Every structure is written in C-alpha cells, then in structure tokens.
Amino acid sequence: MDVRSEVNKHFKFTLEHVDKHCGARAGYIDTPHGRIHTPVFMPVGTHGAIKALQPKELVDLSIEIMLSNTYHLHLTPGSELIAKAGGLHKFMGWDRPILTDSGGFQVFSLQKNSITEEGANFKGAKGENVLLTPEISIQVQQNLGSDIMMAFDECIPYPATEKYVENSIARTHRWLDRCIDAWKNPQQALFGIVQGGVYDKYRKICIEEVTKRNLPGYAIGGVSVGEGPEHMEKVVKHTAPLMPKDKPRYVMGVGMPEDLLMIWEHGVDMSDCIIPTKFARGGTLFTNRGKIRIEHKNYRRDFFPIEPNLKDYVNTNFTRAYIKHLFDSNEILGQILATAHNISFYKSMAVRAREAILEDRFLEFKASFLDGYKRD
C-alpha cells in the first residue's frame, strides 16, 4: 500500500483565501487530533512539554498545535517507551495536534557529528554513539504518533559553497525516498523539506524534486541559520510562491514577530521557534510596542499589564510591577506568567493576521504593526 493514497482520509489542507494585495494566505488543516487554523505559529515543546506551562494552560490560550523534538525524545525517554504509553499525545496529556521534527536540525547544530550516506552519528548524553538515519527518524516519529512528521534532511549551514549545496540537496532527496519507504501509518502526514541554501537555482531544483513525491505538505528548511534577515527574506520570497498552492507551506525555525509578518506576506502557513518561550524565561516579553526587559528598574512601579490590548489571564490579572517582583525574587511563577504571556502574544499576532488576510488588508496590518513595534 502506498501510504500517500490513504493519508488524505486523515489529513486535509483547505485554502480559504489569498489576500488580493499580496501572497498572504488563510486556511485550515484537519488532522486526526483536530483543526489548525492558518497562519499558525507553533510553540516548541522539545521534550514533550512547553517549559513552564501545563498542557491545560495551552488549551486555555487556544493553542491548536505544538512541536516536539524527535532527536531528544529518541534519547530520553526513548520512543519505544512512549509508544508503550500510548503515544506522545497520551504520554504528555495533550489531545491536540503535534508536529515532530526529524532530527535533521541536530545534524546541523550539534558540533560533533558525522554525516554519511547512511545517516548521522552523534554522541549521546552519556558518551554513547547514536545513529540517526531516515528510517530511524521515521520509526521514532511513528512511535511518537505525531500528526505531522518531518522528513530527515541535511540542514545546510551558512555560508556554503554551491558545490556543497548541490551535493547536499541530492542527499536530502535520496534520504526523502527512504523516509517515504519507511512511512507506514496513513494517520500521520509526512512533510518534505526544501533546502538549497541562499541559491535560488538550488531552491528551485529542490522544490521540483521534493514536490514530485506528492506529499501532504512541504517546508522551507535551512533559514534562520545565521544568514541574516535579508538573505532569509530573499529565500522565502523566492521559494514560497513556487511551492504547491494546495498544500501547507511551513518555514522551520523562524520566530521574531517581524520575521513572521514577512513569511506570512509571502504565503507561508506554518512556523515554529523557541524564541517566545526562551525569551520569556529570561525576562524578555513581547508587546505591540516591542520587547521589554521586565527586570529593568523602570517597571518597579509600573501597574499596567504587560500588553494592555491582550485580554488573557496574565494581562487581566497581573501588572508589570508584580511580574518584575517575581523575577527579582527568583519565583518560578514569574517564568510561568511570562511564558503564558509571550505565547498569548504570538497567538494574538496570528489571529490578527488571519483576520486581516480574510479581509484583504494584510499589508495594512503589517505596516500598522511595524509602525508601533520598536525593534532592537
């Protein structure tokens, strides 16, 4: 059985509207664990948890999907144990959609690795050798039971020569075929990943090759790897419009508010990043006027909410002065409230963007947001 012929029974993307003034798109994705409205920002729960928040709190914030990390769950506690527990949804008490990455980013980001045609070798936390191949990555993701699995690819660093990129994307395409052969569960959608560095011609070649496989969705990989915002926009602006219009488009690892507005304008539907949660734990909070460092002395007597325009639990009940006090006192509640706020802010951005797209005013929304948003 070719799983691709069965997956459409369980996974479907519906494109509702494209803003008539740009490429921004609004739609929704139906999965076995619920509907995801797009554009969507996915908070990252690397180890099967959003740091500092309970799953119930994510539900209260109307979060429709989260991301977990294949590589780290493979190491601890092991995907076989999670499978015995009934899958990642049951294991972590989350009954909404989950996307799992493939471990390919770890091939790029971990210092001591060895890439061969077979896969990638790592040193585990205890110094043990860990082999990650396309087949192992897919098997681990199938054990986890995520709604969306990512193909195992080689994330191209920046800078990279044209020859390196040419050889790398050829390997990524070979690995993709091995991922497809290992994919057995039609209730899990498999997304292919478009690489190609900062070279338009290799991005185009990769799109043509990856989309030949007729997968449920496609991602742009290899951005936000040190290339800078100008190169990032160049890659997304060139690549996203060439991707299939009837499939979800996902940019991996992009998460500053100004970058989200950029990718949404060019027709991207999905994105993820650790930025809102990581920044929150360090005391950096996002507002419509830019980022604030809550530990700054200016907030000691600031009795306003973090973001007055948000009517969520945190901003309805707590002041900047109180949250500063929590951070100053090293109270864990400070990180909890800050994390909830940042996730709520990002959710609000996506909701407002979606509304603007449906009303053909996304560019107006983007300009208004950036006019009031102070960037570092």
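Okay, so let's go over this structure. All figures in this text were calculated on a predicted structure; none of them were measured in a lab.

Some thoughts on the overall build of the protein
Inference 1: The secondary structure content of the protein amounts to 15 helices and 16 strands.
Inference 2: Taking 2.2 N^0.38 as the reference for a compact globule, 376 residues should give roughly 21 Å; the C-alpha atoms of the protein span a radius of gyration of 20 Å, in line with that estimate.
Inference 3: Its C-alpha atoms give the protein principal-axis dimensions of roughly 60 × 50 × 40 Å.
Inference 4: Taken over 376 residues, the protein has a buried fraction of 55%.
Inference 5: A separation threshold of at least 6 residues defines the contact pool for the protein, and within that pool the share at least 24 residues apart is 67%.
Inference 6: Accessible area for the protein stands at about 16,400 Å²; split by element, carbon and sulfur atoms hold 51% of it.
Inference 7: Distance between charge centroids for the protein: 2 Å, based on 47 positive and 46 negative side chains.

Description of the side chain of Thr-287
Inference 1: Note that Thr-287 resides in strand β15 (residues 284-287).
Inference 2: A distance of 3.0 Å separates a polar side-chain atom of Thr-287 from the backbone nitrogen of Arg-289.
Inference 3: A distance of 2.7 Å separates a polar side-chain atom of Thr-287 from the backbone oxygen of Gly-290.
Inference 4: Once you skip the residues sitting within four places of it in the chain, Thr-287 turns out to touch Ile-292, Ile-306, Glu-307, Arg-320, Phe-345 and Tyr-373.

Structural notes on the sheet that holds strand β14 (residues 270-273)
Inference 1: An order of β4-β14-β13-β12-β11-β10-β6-β5 is seen for the 8 strands of this open sheet, with the pairing classed as parallel. Unpaired on one side and paired on the other, β4 (40-43) and β5 (66-68) mark the two borders of the sheet. Pairwise comparison of adjacent strand axes, ignoring direction, gives a mean angle of 25° for this sheet.
Inference 2: Sheet analysis places strand β13 (residues 249-251) next to β14, joined by 2 bridges and oriented parallel. Bridged to Tyr-250 within β14 is Met-270.

Some words on the side chain of Ser-344
Inference 1: Topologically, Ser-344 is positioned in helix α14 (residues 332-358).
Inference 2: Apart from the residues within four sequence positions on either side, Ser-344 is in contact with Leu-61, Leu-310 and Asp-312.

Focus: the environment of Arg-96
Inference 1: Its place among the elements puts Arg-96 in the loop between α4 (88-92) and β6 (98-100).
Inference 2: For Arg-96, a relative accessible area of 25% translates into the label partly exposed.
Inference 3: Sequence spacing of Arg-96 and Leu-363 is 267 residues, and the spatial spacing of their C-alpha atoms is 31 Å.
Inference 4: Not counting residues within four places of it along the chain, the set of residues in contact with Arg-96 comprises His-33, Val-59, Ser-62, Ile-63, Glu-64, His-89 and Asp-147.

Focus on helix α6 (residues 134-144)
Inference 1: Burial within α6 is extensive, with 8 of its 11 residues counted as buried.
Inference 2: Looking only at α6, the buried set comprises Pro-134, Ser-137, Ile-138, Val-140, Gln-141, Gln-142, Asn-143 and Leu-144.

A look at the packing of helix α10 (residues 257-265) against helix α15 (residues 362-372)
Inference 1: Closest axis-to-axis distance for the α10/α15 pair is 11 Å, and the angle between their directions is 165°. The angle between the axes of α10 and α15 places the two elements in the roughly antiparallel class. Crossing of α10 against α15: the hand is left-handed. Residues Pro-257, Glu-258, Leu-261, Trp-264 and Glu-265 of α10 form the contact with α15, whose participating residues are Phe-362, Leu-363, Phe-365, Lys-366, Phe-369 and Leu-370.
Inference 2: Classifying every residue of the contact of α10 with α15 by side-chain character gives 8 nonpolar, no polar and 3 charged.

Side note on α10
Side chains of residues three or four places apart in an α-helix project in the same direction, reflecting 3.6 residues per turn.
Inference 1: Among the 9 residues in α10, 9 count as buried, and that is most of the element.
Inference 2: Buried within α10 we find Pro-257, Glu-258, Asp-259, Leu-260, Leu-261, Met-262, Ile-263, Trp-264 and Glu-265.
Inference 3: Among the residues trailing α10, Gly-267 stands out with phi positive, at a value near 95°.

A word on the packing of aromatic side chains
Inference 1: Counting across every chain of the model gives 14 aromatic pairs.
Inference 2: Ring plane angle 55° and centroid distance 4.8 Å describe the contact between Phe-41 and Tyr-346, whose orientation is recorded as tilted. Of this pair, Phe-41 sits in strand β4 while Tyr-346 sits in helix α14, placing them 305 residues apart in sequence. Both residues of the pair, Phe-41 and Tyr-346, count as buried.
Inference 3: On the numbers, 5.6 Å between centres and 75° between planes, the contact of Tyr-313 with Phe-318 is edge-to-face.
Inference 4: The exposure class of Tyr-313 is exposed, given its relative accessible area of 56%.
Inference 5: The class of Phe-318 is buried, set by a relative accessible area of 17%.

Remarks on the pattern of salt bridges
Inference 1: Scanning the entire structure with this criterion turns up 21 salt bridges.
Inference 2: For the salt bridge of Asp-60 with Lys-56, the shortest nitrogen-to-oxygen distance reads 3.1 Å. Of the two residues, Asp-60 and Lys-56 are both situated in helix α1 (residues 55-60); the distance of 4 residues between them amounts to about one turn of the helix. The same class applies to Asp-60 as to Lys-56, namely exposed.
Inference 3: Where Arg-171 meets Glu-117, a salt bridge forms, and the shortest distance between an N and an O atom there is 3.7 Å. With Arg-171 in helix α7 (residues 162-182) and Glu-117 in the loop between β7 (113-115) and β8 (120-123), this pair connects stretches of sequence that are 54 residues apart.
Inference 4: With relative accessibility at 34%, the residue Glu-117 sits in the partly exposed group.

About the thresholds
Residues numbered from 1 in each chain as written. Predicted model: local features only at pLDDT ≥ 70, side-chain atom pairs only at ≥ 80, totals over all residues. Heavy atoms only, no water. Helix = DSSP H or I, 4+ residues; strand = E, 2+ residues; numbered from the N terminus. Rg over C-alpha atoms; globule rule 2.2 N^0.38 Å. Buried < 20%, exposed > 50% of the residue type's maximum accessible area, 1.4 Å probe, protein only. Contact = heavy atoms within 4.5 Å. Areas by Shrake-Rupley, 256 points an atom, 1.4 Å probe, with all protein chains shown as cover. Lys, Arg positive; Asp, Glu negative; His and termini not counted. Charge placed at Lys NZ, Arg CZ, Asp CG, Glu CD. Polar contact = N/O pair within 3.5 Å; in protein donor to acceptor, adjacent residues only side chain to side chain. Pairing = 2+ DSSP bridges. Axes fitted to C-alpha atoms, helices over the stretch in contact; angles between N-to-C directions. Parallel < 35°, antiparallel > 145°, perpendicular 65-115°, else oblique. Left-handed = near helix turned anticlockwise from the far one by under 90°. Nonpolar A, V, L, I, M, F, W, Y, C, P; charged D, E, K, R; others polar. Phe/Tyr/Trp six-rings, centres within 6.5 Å; stacked < 30°, edge-to-face > 60°. Salt bridge = Lys/Arg side-chain N within 4 Å of Asp/Glu carboxyl O.

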